[in-house]
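Each chain, letter by letter, is given below.
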Amino acid sequence: MSLENQYDSFLKSQSLWKEEAFFNISLFHLEQGISNISNVSNINIPKNEVLGKRIELFFEHYIHAHSRYQLILKNLQIFRNKITIGELDFLMRDVINEQTLHVELVYKFYIYDPEISTIELEKWIGPNRKDSLLQKVSKLKEKQLPLLYQPETISILRELYIDINTVKQQICYLGNLFIPFSYKNKKIPLLNNECIQGFWIHSKDFISEKYNSYLFHIPEKKDWILNPTPADDWVTYNSIKDMLENHISKKKTSLLWMRSKEDIFTKLFVVWW
């Protein structure tokens, strides 16, 4: 897929929650129709650059293209005794509000596992069960945001003539959510339902009786934020099953794009666990 398509999908991404009081974190929202997609080709992104780095470069491009913001610096590493203690994602200026912003950027894919706990938000986990929404929010609040107030950071910002007490911290927390098929057409509590992009199943449930009539495509991870199109390379159930078995043997969850005979497209995580 083209860089323009990836950037357009990034711009359409939604915040995982809408109410700022929800996690007591101020949110930074992307505005639609702001950035000039035709200039995206100017972004220097290596062909095989990972998705996380692409998202970071897309956000930087968005800031440069937005008349409201001026980028001061990005990826500011903070050292203590020559050891890195953390990094600030973006420091920028809101020229309308005359406000300096420290923005941490997050883009995540979570699946909803109803069998986890009785606490609703603990049910949102990474596809490989290596992380979770609450773990990431906790890290933001306990480590990444407090980094701004460390003596080493204050010293650097003072050299930039920035008063730490005037800096407003925000999180740009974007993502895609995936739910069980049994939750189709149900409202998910607490989080932004506009982020729901597809479904997930266990690998043992990916059987011929249910899926043999569909065509499939395994997108590269850098294309996970995109929507499927007829132009993609589609293969049969038997072909995709062989690819999946290789992933499952490595305990690797796969994202599939699924296409029906009626050209209805679905995003589907097939988990190994």
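Use the structure listed above.
Residues numbered from 1 in each chain as written. Predicted model: local features only at pLDDT ≥ 70, side-chain atom pairs only at ≥ 80, totals over all residues. Heavy atoms only, no water.

Participant: Just give me the short version of the pattern of salt bridges, but keep the residues and values in it.
Facilitator: Any two side chains of opposite charge can pair, given that their charged atoms come close. Counted by the stated rule, this structure contains 12 salt bridges. Across the pair glutamate 194 and lysine 18 runs a salt bridge, and its minimum N-O distance is 3.1 Å. Here the residue glutamate 194 occupies a position in the loop between β5 (167-180) and β6 (196-202), and lysine 18 occupies one in the loop between α1 (3-11) and α2 (51-65), the gap between them amounting to 176 residues. A salt bridge links aspartate 113 to arginine 129; its shortest N-O distance comes to 3.1 Å. With aspartate 113 in the loop between β3 (99-112) and β4 (124-125) and arginine 129 in the loop between β4 and α3 (133-144), the pair connects residues that are 16 residues apart, well separated along the chain. With a relative accessible area of 39%, arginine 129 lands in the partly exposed category. (Salt bridge = Lys/Arg side-chain N within 4 Å of Asp/Glu carboxyl O. Helix = DSSP H or I, 4+ residues; strand = E, 2+ residues; numbered from the N terminus. Buried < 20%, exposed > 50% of the residue type's maximum accessible area, 1.4 Å probe, protein only.)

Participant: For the pairing of strand β9 (residues 265-271), give the residues involved together with the corresponding values.
Facilitator: Most of β9 is tucked away: 6 of the 7 residues are buried. Sheet topology note: the β6/β9 ladder contains 5 bridges and is parallel. Its bridge partner being in β9, isoleucine 201 is matched across the sheet by valine 270. With 6 bridges joining them, strand β8 (residues 254-259) and β9 adopt antiparallel strand pairing. Across the sheet, leucine 255 pairs through a bridge with phenylalanine 269, a residue of β9. Joining the antiparallel neighbours β8 and β9 is a turn of 5 residues, in which aspartate 263 adopts a positive phi near 60 degrees. (Pairing = 2+ DSSP bridges.)

Participant: Before we move on, can you summarise the environment of phenylalanine 216 with the specific residues and values?
Facilitator: Mapping phenylalanine 216 onto the fold places it in strand β7 (residues 215-217). Placed 42 residues apart in sequence, phenylalanine 216 and methionine 258 show a C-alpha to C-alpha distance of 4.7 Å. For phenylalanine 216, the residues in contact, after removing those within four places along its chain, are Phe206, Tyr211, Asp233, Trp234, Val235, Thr236, Tyr237, Ile240, Leu256, Trp257 and Met258. (Contact = heavy atoms within 4.5 Å.)

Participant: Break down the packing of aromatic side chains for me, citing the residues and quoting the values.
Facilitator: Each aromatic ring pair is specified by the distance between its two centres and by the angle formed by the two planes. Considering all chains together, one arrives at 26 aromatic pairs under this definition. Measuring from ring centre to ring centre gives 5.3 Å for tryptophan 224 and phenylalanine 269, while their planes differ by 80 degrees; the resulting arrangement is edge-to-face. Note that tryptophan 224 is positioned in the loop between β7 and α6 (237-249) and phenylalanine 269 in strand β9, a separation of 45 residues in sequence. Given the relative accessible area of 11%, tryptophan 224 is considered buried. Among the residues examined, phenylalanine 269 registers a relative accessible area of 0% and is labelled buried. Among the aromatic residues, those joined into a cluster by ring pairs are Phe28, Phe59, Tyr62, Tyr69 and Phe90. (Phe/Tyr/Trp six-rings, centres within 6.5 Å; stacked < 30°, edge-to-face > 60°.)

Participant: Report on the packing of α1 against α2, specifying residues and quantitative values.
Facilitator: One way to put it is that α1 packs onto α2 with a least axis distance of 10 Å and a crossing angle of 75 degrees. It follows from the interaxial angle that α1 and α2 lie roughly perpendicular. The segment α1 lies against α2, with Leu3, Gln6, Tyr7, Phe10 and Leu11 engaging Arg54, Ile55, Phe58, Phe59, His61 and Tyr62. Looking at side-chain class alone, the contact of α1 with α2 contains 8 nonpolar, 2 polar and 1 charged residues. (Axes fitted to C-alpha atoms, helices over the stretch in contact; angles between N-to-C directions. Parallel < 35°, antiparallel > 145°, perpendicular 65-115°, else oblique. Nonpolar A, V, L, I, M, F, W, Y, C, P; charged D, E, K, R; others polar.)

Participant: So what's going on with the state of the cysteines? Which residues, and what values?
Facilitator: The tally for this structure, following the rule as stated, stands at 0 disulfides. A disulfide-free cysteine, cysteine 172 has its sulfur positioned 11 Å from the sulfur of cysteine 195, the nearest such atom. (Disulfide = S-S within 2.5 Å.)

Participant: An account of unusual backbone geometry is needed here, citing residue identities and associated values.
Facilitator: The backbone of glutamate 98 sits at a positive phi, close to 50 degrees, despite the residue not being glycine. Along the polypeptide, glutamate 98 turns up in the loop between β2 (83-94) and β3. Positive phi outside glycine occurs at lysine 251, with the angle close to 55 degrees.

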